[in-house]
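Per-entry structural report
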Amino acid sequence: MTVHATSRQIHPLWTRISHWLNAFAVLILIASGWRIYNAAPFFDFIIPTGLTLGGWLGGALQWHFAAMWLLVGNGVFYLAMNVFTGRLRRKFFPLSSRAVLHDALAALRGRLSHADPRHYNSVQRLAYLFVMVDILVIVLSGLVLWKSVQFHLLRDLLGGYELARRIHFVGMALLVGFIAVHMVMVALVPRTLLTMLSARGEEAAA
């Protein structure tokens, strides 16, 4: 039996475009958000200036708001397309704690298969669903920081302005953690990056 490579589409065009737009927006938001945080830190540390964007508070706010609209608009499009095309159900469900534990242990032992990039394992499903919820929390808390008076009900729901600031920061920190793990996994399985760059993906077949 010989094994050869066949080319099949892994991710549709709208998925790949929205993925990279979201990635760009998130990086701008993180870097500019760190500069905004440095202007009024509430922890006993500040972010190194070289990792921030904007140069000063006003500049950082302009970058932050511009990227915010890109993330919100593109994020709504991404979620809507996932729901209406059925991709959300196919890619991310079913999901169970037993399956997540099984795949997590397999990953730690180096035995988690990545043979078919069209299908996410349970750890990937949980991670991607988590980041969707995390970004939603970041956006909602960001609305409170942006227009506290106008979104007073949301502000009260989040425990007030200062708590909303901390929720926003922690949500951002969790997102940075996700990106770091995501980059490590891409380095370990480079073909996952290729499937987000090309219309066709290489898949092993008998």
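Before reading on, note that the structure itself is shown above.
Residues numbered from 1 in each chain as written. Predicted model: local features only at pLDDT ≥ 70, side-chain atom pairs only at ≥ 80, totals over all residues. Heavy atoms only, no water.

1. Let's talk about a nonpolar patch on the surface
On the surface, W20, L193, L194 and L197 cluster together into a nonpolar patch covering about 390 Å² of accessible area. Tracing the backbone shows L193 in helix 8 (residues 191–195). (Patch = residues over 30% accessible without salt bridge, like charges linked within 9 Å, V, L, I, M, F, W, Y side chains within 5 Å. Areas by Shrake-Rupley, 256 points an atom, 1.4 Å probe, with all protein chains shown as cover. Salt bridge = Lys/Arg side-chain N within 4 Å of Asp/Glu carboxyl O. Helix = DSSP H or I, 4+ residues; strand = E, 2+ residues; numbered from the N terminus.)

2. What about helix 7 (residues 161–188)?
Given 3.6 residues per helical turn, the α-helix brings residues three or four places apart onto the same face. A rise of 1.5 Å per residue sets the reference length of helix 7, with its 28 residues, at 40 Å; its end C-alpha atoms lie 41 Å apart and thus fit the reference within 8%. Restricting attention to buried positions, one finds in helix 7 the residues A164, R165, H168, F169, G171, M172, L175, F178 and V186. Its buried side turned inward, helix 7 meets helix 1 (13–39), helix 2 (57–84), helix 5 (122–146) and helix 8. (Expected span 1.5 Å × (residues − 1). Buried < 20%, exposed > 50% of the residue type's maximum accessible area, 1.4 Å probe, protein only. Contact = heavy atoms within 4.5 Å.)

3. Observations regarding the packing of helix 5 against helix 7
It is the contact of helix 5 with helix 7, at a shortest axis distance of 9 Å, that shows an interaxial angle of 150 degrees. Between helix 5 and helix 7, the crossing angle belongs to the class labelled roughly antiparallel. In the packing of helix 5 onto helix 7, the handedness of the crossing is left-handed. Between helix 5 and helix 7, the contacting residues are A127, Y128, F130, V131, D134, I135, V137, I138, S141, G142, V144 and L145 on the first element and Y161, A164, R165, I167, H168, G171, M172, L174, L175, F178 and H182 on the second. Its residues assigned to classes, the contact of helix 5 with helix 7 comprises 16 nonpolar, five polar and two charged. (Axes fitted to C-alpha atoms, helices over the stretch in contact; angles between N-to-C directions. Parallel < 35°, antiparallel > 145°, perpendicular 65-115°, else oblique. Left-handed = near helix turned anticlockwise from the far one by under 90°. Nonpolar A, V, L, I, M, F, W, Y, C, P; charged D, E, K, R; others polar.)

4. Points about the packing of helix 1 against helix 7
The description of two helices packed together rests on the angle between their axes and the distance between the axes. Viewed as axis vectors pointing N to C, helix 1 and helix 7 meet at an angle of 130 degrees, and their least axial separation amounts to 11 Å. Overall, the two elements helix 1 and helix 7 adopt an arrangement that is oblique. Read as a crossing pair, helix 1 and helix 7 show a hand that is left-handed. On the side of helix 1, the interface is formed by H19, V26, I30, W34 and Y37, while helix 7 contributes F169, M172, L175, V176, I179 and H182. Its residues assigned to classes, the contact of helix 1 with helix 7 shows nine nonpolar, two polar and no charged.

5. Points about the pattern of salt bridges
Oppositely charged side chains can form a pair if their charged atoms are brought close together. All chains considered together, the criterion is met by three salt bridges. The shortest N-O distance in the salt bridge between E162 and R166 comes to 3.1 Å. One end of the pair, E162, and the other, R166, are both in helix 7, four residues apart, so they sit about a helical turn from each other. For E162, a relative accessible area of 40% puts it in the partly exposed group.

6. Notes on the packing of aromatic side chains
The way to describe two aromatic rings as a pair is by their centre distance and the angle between their planes. Under the definition given, this model contains 16 aromatic pairs. With a centroid separation of 4.8 Å and an interplanar angle of 40 degrees, the aromatic rings of Y37 and F169 are classed as tilted. With a gap of 132 residues between them, Y37 in helix 1 and F169 in helix 7 connect regions that are remote in the sequence. Overall, Y37 belongs to the buried group, its relative accessible area being 4%. Centroid distance F42 to F169: 5.6 Å. Interplanar angle 80 degrees. Geometry classified as edge-to-face. With F42 in the loop between helix 1 and helix 2 and F169 in helix 7, this residue pair connects regions lying 127 residues apart in the sequence. (Phe/Tyr/Trp six-rings, centres within 6.5 Å; stacked < 30°, edge-to-face > 60°.)

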